[in-house]
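Report on the structure
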Amino acid sequence: EKYEAMGVLHMRTAFSRDQARKIYVQHRITENAEDVYRMMEYENGSFYVCGSSRNVPEDIYNAMKEVMMVAGKMNEDDASAGLSSYKMDG
């Protein structure tokens, strides 16, 4: 909370087990598409995911591709290429 108040961290939580309506990480990513795109593309942002990894990597990849297409106004090929560079960078 301290880092968030300082503007160093922007935390979004997704609890899929603690409520009737399941909210997953990929939902939070797409809900915050403009912020996610800005931080990743222009502010050297990172994000961290904790929890089960069953379908999470593919689901997050698809959510990030949607962010690139919507907020970054890219076609699917350019969004995939952009995500490849993120993966190579870290």
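Thresholds, definitions, all that
- Residues numbered from 1 in each chain as written.
- Predicted model: local features only at pLDDT ≥ 70, side-chain atom pairs only at ≥ 80, totals over all residues.
- Heavy atoms only, no water.
- Helix = DSSP H or I, 4+ residues; strand = E, 2+ residues; numbered from the N terminus.
- Rg over C-alpha atoms; globule rule 2.2 N^0.38 Å.
- Buried < 20%, exposed > 50% of the residue type's maximum accessible area, 1.4 Å probe, protein only.
- Areas by Shrake-Rupley, 256 points an atom, 1.4 Å probe, with all protein chains shown as cover.
- Lys, Arg positive; Asp, Glu negative; His and termini not counted.
- Charge placed at Lys NZ, Arg CZ, Asp CG, Glu CD.
- 1 Å grid on protein atoms, 1.4 Å probe; cavity = no way out; pocket = protein on both sides within 12 Å on 5 of 7 lines; lining within 4 Å.
- Points joined across faces, edges and corners; volume = space filled by probe spheres on them.
- Nonpolar A, V, L, I, M, F, W, Y, C, P; charged D, E, K, R; others polar.
- Salt bridge = Lys/Arg side-chain N within 4 Å of Asp/Glu carboxyl O.

1. Digging into the overall build of the protein chain
Assigned secondary structure in the protein chain consists of five helices and zero strands. Listing every helix and strand of the protein chain by position from the N terminus yields α-α-α-α-α. Against the 2.2 N^0.38 benchmark of 12 Å for 90 residues, the protein chain shows a C-alpha radius of gyration of 14 Å, consistent with a compact globule. Projected onto its principal axes, the C-alpha coordinates of the protein chain cover approximately 35 × 35 × 20 Å. Looking at the protein chain residue by residue over its 90 residues, the buried ones come to 26%. Per element, the accessible surface of the protein chain, about 6900 Å² overall, is 50% carbon and sulfur. Each charge class in the protein chain was averaged separately, 11 positive and 15 negative side chains, and the resulting centres sit 7 Å apart.

2. What about the layout of surface pockets?
Taken as a whole, the largest pocket encloses approximately 1200 Å³ of empty space. Among the elements of the structure, helix 2 (25-31), helix 3 (33-42) and helix 4 (56-70) are those that each provide at least two residues to the lining of the largest pocket. Classifying every residue of the lining of the largest pocket gives 18 nonpolar, 12 polar and eight charged.

3. Details of the pattern of salt bridges
In the structure shown here, the tally under the stated rule is five salt bridges. Between Glu-43 and Arg-38 there is a salt bridge, and its shortest N-O distance comes to 2.9 Å. Given the relative accessible area of 32%, Arg-38 is considered partly exposed. The partner of Glu-76 in a salt bridge is Lys-65, with the nearest N and O atoms 2.9 Å apart. Here the residue Glu-76 occupies a position in helix 5 (residues 76-89), and Lys-65 occupies one in helix 4, the gap between them amounting to 11 residues.

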